Amino acid sequence: MPIYQLGDLVPTIDAEAYVHPDAVVIGDVTIGPESTVWPATVLRGDFGRIIIGARSSVQDGTVIHAGPGFPTVIGDGCVIGHLAHLEGCTLEDDSLVGSGSVVLHHAVIGTGATVGANAVVPNRMEVPPGALALGVPATIRPGQSDRVMIQMSAAEYASNGRRFKKLLTRID
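Being a predicted model, the structure only gives us computed values, none of them experimental.

Draft legend 1. Focus on the sheet that holds strand E13 (residues 96-97). The eight strands lie next to each other as E3-E5-E7-E10-E13-E16-E19-E20, forming an open sheet whose pairing is mixed. Looking along the sheet, the strands with just one partner apiece sit at the ends: strand E3 (18-19) and strand E20 (139-141). Relative to E20, strand E19 (residues 132-134) runs antiparallel, the two being bridged by three bridges. By the bridge assignment for E20, Leu-134 is matched with Thr-139.

Encoded structure:
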């Protein structure tokens, strides 16, 4: 897997995390235990910190970046769908960002909240805990997220990461 130091910015990846060989990790990036980073994902911590907690899953093709003074912080047990883009935002524990979604600068996705597929959460928007955010730009539907489903998904991806660490073999 391509893991790059950028000057004095060195990624920190927990030994229990799984980073697919085709993911790219650059600079000031921290990945917590049992978290998974899947193929074609780019985590670029060149201008700001990227912090991923424990048991969080970053799906295929996701791009995570941060800016000067606004890190991207992903809590524990989060699920980030395929082809999402996160930039200088915060995802609190047990939150989900659906496939193809964009979450921008200083936005906060509350504990147990969901950003629906292809939604755009603009700068500084706060999605309250347990809420569902849908559309472009996102609108909030209070109390419509499913935290139990998010927790089950996060656990399944952590298990799949352990399977990939043990069984994935390149054959070309």
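Draft legend 2. Focus on the environment of Thr-62. For Thr-62, the location among the structural elements is in the loop between strand E7 (57-58) and strand E8 (63-65). Taking the C-alpha atoms as reference, Thr-62 lies 6.4 Å from Val-42; in sequence the two are 20 residues apart. Excluding its chain neighbours within four sequence positions, the residues that come into contact with Thr-62 are Ala-40, Thr-41, Val-42, Ile-80, Gly-81, His-82, Leu-83 and Ala-84.

Draft legend 3. The pattern of salt bridges, seen in detail. The tally for this structure, following the rule as stated, stands at five salt bridges. Linking Arg-44 and Asp-46 is a salt bridge whose minimum nitrogen-to-oxygen distance equals 2.6 Å.

Draft legend 4. Quick peek at the pairing of strand E6 (residues 42-52). Note: strand E4 (residues 24-31) against E6, seven bridges, orientation parallel. Paired with Gly-27 across the bridge in E6 is Gly-45. Pairing analysis gives three bridges linking E6 to E8, with the strands arranged parallel. Opposite Leu-43, over in E8, you have Ile-64 as the bridge partner. Note: E6 against strand E9 (residues 72-74), three bridges, orientation parallel. Within E9, the position partnered with Ile-50 by the bridge is Thr-72.

Draft legend 5. Up close: the state of the cysteines. A complete count under the given rule lists zero disulfides for this structure. With no disulfide of its own, Cys-89 lies closest to Cys-78 among cysteine sulfurs, the gap being 10 Å. Given a relative accessible area of 0%, Cys-89 falls into the buried group.

Draft legend 6. Local environment of the pairing of E4. Among the eight residues in E4, six count as buried, and that is most of the element. With two bridges connecting them, strand E2 (residues 12-13) and E4 associate as parallel partners. In the sheet register, Ile-13 faces E4, and the bridge partner there is Ile-31.

Draft legend 7. Expanded view of unusual backbone geometry. A cis amide bond links Val-136 with the next residue in sequence, Pro-137, at an omega value of -10°. Mapped onto the secondary structure, Pro-137 falls in the loop between E19 and E20. Phi is positive for Ala-40, close to 65°, though the residue is something other than glycine. One can find Ala-40 in the loop between strand E5 (36-37) and E6. Not every positive phi belongs to a glycine, and Leu-83 is a case in point at roughly 60°.

Quick notes on the rules
- Residues numbered from 1 in each chain as written.
- Predicted model: local features only at pLDDT ≥ 70, side-chain atom pairs only at ≥ 80, totals over all residues.
- Heavy atoms only, no water.
- Pairing = 2+ DSSP bridges.
- Helix = DSSP H or I, 4+ residues; strand = E, 2+ residues; numbered from the N terminus.
- Contact = heavy atoms within 4.5 Å.
- Salt bridge = Lys/Arg side-chain N within 4 Å of Asp/Glu carboxyl O.
- Disulfide = S-S within 2.5 Å.
- Buried < 20%, exposed > 50% of the residue type's maximum accessible area, 1.4 Å probe, protein only.

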